[in-house]
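Chain residues, written in single-letter form:
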There are 2 protein chains.
Amino acid sequence: MSRPTLASLASELAVSRQTISNVLNAPHRVKPATRERVQAAIAAAGYRPSAAARQLRTQRSMNLGMRLLPATDGINGAILDRFLHALTEAAQSAGYRLTLFCAESDEEEIRQYEQLLDVAGLDGFILTSSTPDDARTRWLHARGTAFAVFGRPWDSAGQPVAADHPWVDVDGAAGTEGSVKMLLAQGHTRIGFLGWHTGSPVGNDRRLGWKRAMSAAGYGQDLVTLNVEAEDTVAGGAAGTAVLASRGATAMVCSSDSLALGAMGQLRESRPGAFLRGGGPAGPDGQAAVVGFDDTPVAAALGLSSVAQPVEEAARHVIRVLTHELDGSGASLLSRGEGPERQLLLAPRVVERIPLPLAAP
Amino acid sequence: MSRPTLASLASELAVSRQTISNVLNAPHRVKPATRERVQAAIAAAGYRPSAAARQLRTQRSMNLGMRLLPATDGINGAILDRFLHALTEAAQSAGYRLTLFCAESDEEEIRQYEQLLDVAGLDGFILTSSTPDDARTRWLHARGTAFAVFGRPWDSAGQPVAADHPWVDVDGAAGTEGSVKMLLAQGHTRIGFLGWHTGSPVGNDRRLGWKRAMSAAGYGQDLVTLNVEAEDTVAGGAAGTAVLASRGATAMVCSSDSLALGAMGQLRESRPGAFLRGGGPAGPDGQAAVVGFDDTPVAAALGLSSVAQPVEEAARHVIRVLTHELDGSGASLLSRGEGPERQLLLAPRVVERIPLPLAAP
DNA sequence: CACACGGATTTGATCGATCAAAATTGTGAG
DNA sequence: CTCACAATTTTGATCGATCAAATCCGTGTG
């Protein structure tokens with residue numbers, strides 16, 4: 001009554017182990033008649049090859065690893081859920097499993113790679129953020145381990161840099177650019193940017209989009225005045241908004257939903273009614289406007305416009321590239337030059353929302 | 001230059017494979033002198049036993065599985081991050097790895113169990129929610145697979161029921177009871193409950209705590225009037241709050257932060273200033289009060305009081321029980337009757353917050 | 001009719017560990 | 001000095017698959 005194995009099935013069917021193995025791994029080598037007979041028996045017995053035995057022989061585990069970063073803020077970290085889910089789903093349907101691990105630092109992450117490669121024989125890794133001059137990608141590359149990154153490579157100065165490893169990222173600049181355009185279309189002209197300190201490449205990228213769109217619209221002269229840096233918290237957003245409002249901004253594009261949330265609150269409170277009904281600093285229709293970034297559930301709940309990252313698509317692509325790298329090496333002769341883009345910048349989408357009245361009708 | 005194996009190390013050291021294996025798995029059998037010599041060699045060579053080979057022989061993978069539920073709401077789903085992180089960390093330090101998988105339904109989840117057990121040889125599973133008359137726990141139990149649940153077992157009528165599998169849960173009733181007590185201490189007497197429809201056992205449990213505390217305080221006569229059911233969304237919370245306010249509630253305990261968020265908005269908007277500065281339905285100090293549930297990041301950001309679940313502790317305990325079950329079976333003679341509680345109800349904590357002014361000073 | 005040939009199938013070795021049992025060594029009693 | 005017995009170490013088999021090479025088989029050919 002125990003689990004069927006290649007050997008047990010083989011003796012039942014009066015064929016050799018190898019024939020069954022071939023039916024599964026190289027069907028063309030088996031005569032159609034036997035193939036079908038074996039396939040039927042496999043289905044009937046519910047036979048499933050043992051991954052451990054297979055791994056021992058082939059040195060492939062069909063297992064991908066990913067570090068779970070220490071929970072951040074949670075408002076913005078909420079998109080991790082979606083990413084992780086899509087990643088797991090995509091890996092699963094590509095025949096891979098996903099193993100999680102934790103690490104306190106990037107150095108420890110590297111030590112974990114080493115251990116997981118040796119012990120569990122993971123086939124590849126997914127990195128969920130890139131840092132300037134990333135030691136982890138260097139290490140993985142040197143070791144010849146397959147991996148794919150959600151995040152562009154940055155040089156030590158925080159500038160985008162070429163690299164030949166696979167990565168997927170979302171074009172943050174395009175997102176903020178879109179936000180500015182939306183606000184311009186609404187008639188706003190004094191559009192501020194509320195972002196992080198300049199040490200963050202991701203933050204700088206988002207700031208860049210705002211600058212680009214403002215310059216293109218002929219408001220380049222406001223780039224200094226209307227650019228404010230703040231701590232990435234709700235309180236930071238409120239404080240920054242107070243500054244921007246005092247400089248005459250009627251709308252603002254934020255680097256995160258946390259900041260945008262703070263901005264909304266500030267506008268509502270400091271000039272009661274300003275946000276919804278006009279008055280105080282307000283745009284042409286009498287309303288001040290805020291756009292966040294990441295389109296977190298909070299934004300949706302509060303009716304905050306925000307830039308939505310296509311994280312599901314990013315996750316699927318990460319898996320696509322990584323599995324192509326892993327599976328494709330054998331079939332490299334056939335599929336040379338085809339395959340998915342190894343480096344891909346996805347365009348985000350600006351979700352325009354009408355602020356919720358926050359009261360039942 | 002390739003990875004050291006038991007055999008390669010053995011020949012270098014001029015001892016047998018088995019001796020090295022014993023140093024790792026049964027050190028007491030090895031003479032101290034050799035043991036140290038071997039240990040030094042292991043460290044020097046950076047030897048790590050292959051999990052695949054070990055699994056093939058021992059039939060244990062040191063791998064635990066968990067289904068990633070389709071992302072829910074996201075406001076409340078945010079605590080999954082924390083749970084998952086703590087789970088991974090605890091599993092890791094117990095020497096286990098965590099494998100994720102997806103399933104569309106509970107039936108598919110069972111099919112995945114079957115496949116993962118056969119193929120990957122997972123040692124156990126973690127279930128992250130329990131449903132009334134749960135088919136999954138029945139299946140796992142029948143199959144003799146180790147598992148632990150975050151969530152109490154409920155019978156088909158949604159009532160708590162005894163079961164002999166390990167589980168950990170948070171005492172929701174105690175949470176809402178604590179919320180009520182906090183509001184009573186603030187001087188409120190007309191405290192409403194804004195919860196989910198009665199089909200949800202978890203929701204009913206939370207409602208129960210409110211009822212208990214209200215009755216104990218002598219407000220049992222209000223249990224019908226001040227109990228409102230709503231859809232678990234921000235809009236639902238706003239609508240329910242309108243009803244509760246019209247019935248004279250000055251404070252409300254909610255089943256979730258989504259509802260509480262809706263409640264806050266409703267209070268702010270429908271009676272401008274009510275929430276912060278008194279007026280309209282308000283408590284003794286002139287303020288209406290809302291308490292949410294789950295202490296999501298949004299609650300923290302907005303200064304919403306909420307009931308915090310000790311999810312990290314729950315995760316650690318789930319792993320503790322599960323690994324004890326798995327590791328302990330061998331040592332059952334020694335540790336009989338000891339070990340962690342197989343069933344544990346954790347007390348949540350009410351986090352009292354002062355609503356943020358939402359404006360910078 | 002023997003023989004080469006390619007497709008289909010089988011055999012034996014192997015991946016790297018642990019288990020079970022056997023062999024070796026050391027120790028104290030008689 | 002020998003023998004029983006425990007402590008320590010080694011040997012051979014095994015887990016369940018795949019690889020590489022060998023064998024088998026039916027055909028077409030000279």
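Before reading further, recall that the structure is shown in the block above.
Residues numbered from 1 in each chain as written. Chains lettered and ligands numbered in written order. Predicted model: local features only at pLDDT ≥ 70, side-chain atom pairs only at ≥ 80, totals over all residues. Heavy atoms only, no water.

A. Here's a closer look at the overall build of chain A. Along its length, chain A carries 14 helices and 12 strands. The burial tally for chain A puts 53% of its 361 residues in the buried class. Within chain A, counting contacts between residues at least 6 apart in sequence, those at least 24 apart form 65% of the total. With the model as given, the accessible surface of chain A reaches about 15,400 Å², and the carbon-plus-sulfur share is 53%. (Helix = DSSP H or I, 4+ residues; strand = E, 2+ residues; numbered from the N terminus. Buried < 20%, exposed > 50% of the residue type's maximum accessible area, 1.4 Å probe, protein only. Contact = heavy atoms within 4.5 Å. Areas by Shrake-Rupley, 256 points an atom, 1.4 Å probe, with all protein chains shown as cover.)

B. Here's a closer look at the protein's contact with DNA strand C. DNA strand C sits among 28 residues. The nearest are A:R17, B:L6, B:Q18, B:S21 and B:N25. Near the protein, within 4 Å, the atoms of DNA strand C are sugar or phosphate in 58% of cases. Here a base oxygen of DNA strand C sits 3.3 Å away from a polar atom, N or O, in the side chain of B:R17. For the surface near DNA strand C, the secondary structure elements donating two or more residues are α2 (17-25) and α4 (51-58) of chain A together with α2 (17-25) and α4 (51-58) of chain B. Across the surface near DNA strand C, the residue classes tally to eight nonpolar, 12 polar and eight charged. (Near = heavy atom within 4 Å. Polar contact = N/O pair within 3.5 Å; in protein donor to acceptor, adjacent residues only side chain to side chain. Nonpolar A, V, L, I, M, F, W, Y, C, P; charged D, E, K, R; others polar.)

C. Inspection of the nonpolar core at higher detail. Counting residues in hydrophobic clusters, the biggest one holds 55 residues, and the most contacted among them are A:L84, A:L87, A:I126, B:L84, B:L87 and B:I126. If sequence neighbours within four positions are ignored, A:L87 has contacts with A:M66, A:L98, A:I126, A:A315, A:V318 and A:I319. (Core = buried A, V, L, I, M, F, W, Y, C linked by side-chain atoms within 4.5 Å.)

D. Quick peek at the protein's contact with DNA strand D. In the vicinity of DNA strand D, 27 residues are found, and the nearest of them are A:L6, A:Q18, A:S21, A:N25 and B:R17. Of everything in DNA strand D that lies within 4 Å of the protein, sugar and phosphate atoms constitute 59%. Within the backbone of B:K31, an N or O atom sits 3.1 Å from a phosphate oxygen of DNA strand D. Of all the elements, α4(A) adds the most residues to the surface near DNA strand D, at five residues. Here the surface near DNA strand D is built from residues that sort into eight nonpolar, 11 polar and eight charged.

E. Layout of the packing of aromatic side chains. Evaluated as defined, the whole model comprises 12 aromatic pairs over all chains. Their ring planes at 50° and their centres at 4.4 Å tell us that B:Y113 and B:F125 sit as a pair that is tilted. Within this pair, whereas B:Y113 is found in helix α6 (residues 106-119), its partner B:F125 is found in strand β3 (residues 124-127), the two being separated by 12 residues in sequence. Residue classification places B:Y113 among the buried residues on the basis of a relative accessible area of 0%. We classify B:F125 as buried; its relative accessible area is 0%. Taken together, the ring pairs connect A:F101, A:Y113, A:F125 and A:W139 into an aromatic cluster. Over the aromatic face of A:F293 sits the side chain of A:R206, whose NZ or CZ is 3.7 Å from the ring centroid. (Phe/Tyr/Trp six-rings, centres within 6.5 Å; stacked < 30°, edge-to-face > 60°. Lys NZ or Arg CZ within 6 Å of the ring centre and 35° of its normal.)

F. Local environment of the pairing of strand β1 (residues 63-68) of chain A. Residue and element names in this part refer to chain A. Within β1, six of the six residues are buried, which leaves the element mostly enclosed by the surrounding structure. Burial along β1 is two-sided: the face carrying N63, G65 and R67 and the face carrying L64, M66 and L68 are both buried. With six bridges joining them, β1 and strand β2 (residues 97-102) adopt parallel strand pairing. Following the sheet pairing, M66 is matched in β2 by L100. (Pairing = 2+ DSSP bridges.)

G. Representation of the pattern of salt bridges within the structure. Counted by the stated rule, this structure contains 36 salt bridges over all chains. B:D106 is paired through a salt bridge with B:R67; the nearest N and O atoms lie 3.1 Å apart. Of this pair, B:D106 sits in helix α6 while B:R67 is found in strand β1 (residues 63-68), placing the two residues 39 residues apart along the sequence. Put simply, B:D294 and B:R206 hold a salt bridge, and the shortest N to O gap is 4.0 Å. Of this pair, B:D294 sits in the loop between β9 (289-293) and α13 (297-302) while B:R206 sits in helix α9 (residues 201-216), and the two are 88 residues apart along the sequence. For the pair B:D294 and B:R206, one class covers both residues: buried. Bridged by salt links that share partners, the residues A:R67, A:D106, A:E109, A:D134 and A:R136 form one connected network. (Salt bridge = Lys/Arg side-chain N within 4 Å of Asp/Glu carboxyl O.)

H. Seen up close, the sheet that holds β9(B). Residues and elements named next belong to chain B. Overall, mixed pairing links the six strands, which are arranged β7-β6-β8-β9-β10-β12 in an open sheet. Looking along the sheet, the strands with just one partner apiece sit at the ends: β7 (227-229) and β12 (349-351). Each adjacent strand pair in this sheet contributes to an overall mean axis angle of 20°, direction not counted. With three bridges connecting them, strand β10 (residues 305-308) and β12 associate as antiparallel partners. Residue pairing in the sheet places S306 in a bridge with V351 of β12. Relative to β9, helix α8 (residues 172-185) is tilted by about 165°, and along the sheet it contacts β6 (191-195), β8 (251-254), β9, β10 and β12. Where α9 meets the sheet, its contacts fall on β6, β7 and β9, and the angle it forms with β6 comes to roughly 170°. (Axes fitted to C-alpha atoms, helices over the stretch in contact; angles between N-to-C directions.)

I. How the structure looks around the sheet that holds strand β11 (residues 343-346) of chain A. Strand order in the open sheet formed by 12 strands is β11(A)-β5(A)-β4(A)-β3(A)-β1(A)-β2(A)-β2(B)-β1(B)-β3(B)-β4(B)-β5(B)-β11(B), with mixed pairing between adjacent strands. Each edge of the open sheet carries a strand with a single partner, namely β11 of chain A together with β11 (343-346) of chain B. For this sheet, the mean inter-axis angle between neighbouring strands, taken without regard to orientation, is 20°. One ladder, built from three bridges, connects β1(A) with strand β3 (residues 124-127) of chain A; its direction is parallel. Among the inter-strand pairings, A:G65 is bridged to a residue of β3(A), identified as A:F125.

J. Layout of the side chain of A:H165. Residues and elements named next belong to chain A. With respect to the helices, strands and loops of the structure, H165 is situated in the loop between β4 (146-150) and β5 (167-170). Judged by its relative accessible area of 9%, H165 falls in the buried class. Residue contacts for H165: discarding those within four places in its chain leaves T137, F147, V149, P153, R342 and Q343.

K. The pairing of strand β9 (residues 289-293) of chain A, seen in detail. All names here are of chain A. Judged by how many residues are buried, β9 sits mostly within the fold: five of five residues are covered. In β9, alternate side chains face the same way, and those of A289, V291 and F293 on one face and V290 and G292 on the other are all buried. Pairing of β9 with strand β10 (residues 305-308), which is carried by three bridges, proceeds in the parallel orientation. What sits directly across from V291, in β10, is S305. Note that the unit made of β9, helix α13 (residues 297-302) and β10 has a crossover that is right-handed. (Right-handed = clockwise from strand over helix to strand, strands pointing away.)

L. Geometry of helix α7 (residues 135-143) of chain B. Residue and element names in this part refer to chain B. Turning to α7, its buried residues number three or more, namely R136, T137 and L140. Each buried residue of α7 sits inside an arc of 95° when the element is viewed along its axis, so together they form one side. Looking at the buried positions of α7, the neighbouring elements they touch are β1, α6, β3 and β4 (146-150). Two residues or fewer past α7, G144 is found with a positive phi of approximately 80°. (Arc of directions from axis to C-beta.)

M. Spatial organisation of the side chain of A:D222. Residue and element names in this part refer to chain A. Secondary-structure assignment places D222 in the loop between α9 (201-216) and β7 (227-229). According to the relative accessible area criterion, D222 is buried, its value standing at 9%. When sequence neighbours within four positions are dropped, the list of residues in contact with D222 reads R190 and W210.

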